[in-house]
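Examination of the molecular architecture
Spelled out from the first residue to the last, the chains are:
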Amino acid sequence: MAALIGARLADHVKSVLHIEDITFWSDSQIVLQWLSTSKQLKRFIRNRVTEIRKLTNTQEWRYCPTKDNPADLLTRGLSVSQFEKNTLWFNGPEWITDISKWPSWKPNDTTVLLTSTDIEDSSTADNEIDNQQGIHQIVQITRYSTLSKLLRITAYLLRFIRNCRSPILQRNKAKYVSREELQDATECWILNCQRTSFKDEMLYLKLKDTKPTVLVRQLRLYLNNKDAICCGGRIHNAPVCENTKFPYLLPRNYASSVWAPFKRNLLTKSKMYKKSDMTDIWIQ
């Protein structure tokens, strides 16, 4: 979307000021790949890429490393004193005035995930998930019409397991599940999903003795204190909760089979799940 807005703005400026040469800079290798690929893209992406190609020449687009991108300074958080002395913001990257030092980038330098029509069929992916061991083999998702009910059942199940492992006097005999138990149930499903769908990423993040996968590099993945995979974000200084800053990672096929059927429920203003809770999850 940022590239499209930039293309529209540049087209307007060119027509008003009669500028001939314009260079577009982007730190998103995925966007640059979309602009240069000949593969069939998904409709949402294809429509925007088509408009960008009409308004600009793809040869005008160049890669700017993230560390040299002035636009990222404010989104990542910057104090006033740091801002006043920041030469990157006021002058741009050191190499910007010397064409011979401009960063080079080739389409093969990156891998675009889940963009073309040759993506694995979702039904096949769902079958692979069904064959994996996990809580989804104990609790059948299709039996429940709402996410809240699924999580309550899961919470009772987890409580039963904990009670079986605890002395009689320490067992939880409350009639209703608590908010903490519902949160544990949610994290249980997320962990189950990640362990069955992101085995390579999980292995690397735990051992770090192999080359990081594309997902690890692109989303700056890491394990939180519960061994769940989270995405590194750019808003670590924002006044929002940790899960919003660093959302959990869910695969597209799992999200469609687990979370999508309950999307309407997620967007209702219930006591336990508000619309803002959707920001806790990043669907890849």
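This report concerns the structure included in the present document. In this text, all values refer to a predicted model and were calculated from it rather than measured experimentally.

1. Considering the packing of helix 8 (residues 147-164) against helix 9 (residues 179-197)
Taken N-terminus to C-terminus, the directions of helix 8 and helix 9 make an angle of 100°; their axes are 8 Å apart at the nearest point. When the axis of helix 8 is compared with that of helix 9, the two are roughly perpendicular. Here L150, L151, R152, T154, A155, L158, R159 and R162 of helix 8 come into contact with helix 9, specifically with E181, L182, D184, A185, T186, C188 and W189. For the contact of helix 8 with helix 9, the residue count by class is 8 nonpolar, 2 polar and 5 charged.

2. Regarding the packing of helix 2 (residues 29-36) against helix 3 (residues 43-55)
The geometry of helix 2 relative to helix 3 is characterised by a closest axis approach of 10 Å and an angle of 75° between their N-to-C directions. Of the possible angle classes, the one that applies to helix 2 and helix 3 is roughly perpendicular. Across the interface between the two elements, W34, L35 and S36 from helix 2 touch I45, V49, I52 and R53 from helix 3. Tallied by class, the residues present in the contact of helix 2 with helix 3 amount to 5 nonpolar, 1 polar and 1 charged.

3. Comments concerning the pattern of salt bridges
Within this structure, the stated rule accounts for 5 salt bridges. Here R159 and E181 are joined by a salt bridge, their closest N and O atoms 2.9 Å apart. Taken as a pair, R159 in helix 8 and E181 in helix 9 lie far apart in primary sequence, 22 residues in all. Pair check on accessibility: R159 and E181 agree, each one buried. A single network of salt bridges, built from pairs that share partners, joins R159, R162 and E181.

Basis of the calculations
By convention here, each chain's residues receive numbers from 1 onward along its written sequence. Restriction of local features to residues with pLDDT of at least 70 applies here, the model being predicted, together with a cutoff of 80 or more for giving and counting side-chain atom pairs; totals for whole chains, interfaces and linings are based on all residues. The side-chain numbers reported here are obtained from all heavy atoms of the structure, hydrogens and water having been left aside. The angle between two axes is taken between their N-to-C directions and runs from 0 to 180 degrees, where each axis is a line fitted to C-alpha atoms and a helix contributes only its stretch in contact. Where helices and strands are cited, they refer to DSSP runs of H or I of at least four residues and of E of at least two residues respectively, numbered from the N terminus. Here the word oblique covers every angle except those under 35 degrees (roughly parallel), over 145 (roughly antiparallel) and from 65 to 115 (roughly perpendicular). Throughout, a contact is declared for two residues whenever any of their heavy atoms are within 4.5 Å. Residue polarity is assigned by list, with Asp, Glu, Lys and Arg as charged and Ala, Val, Leu, Ile, Met, Phe, Trp, Tyr, Cys and Pro as nonpolar; anything else, Gly included, falls into the polar class. Salt bridges, as used here, are contacts in which a Lys or Arg side-chain nitrogen is within 4 Å of a carboxyl oxygen on Asp or Glu. Burial classes follow relative accessibility: with a 1.4 Å probe on protein chains only, a residue under 20% of its type's maximum area counts as buried, one over 50% as exposed, and anything between as partly exposed.

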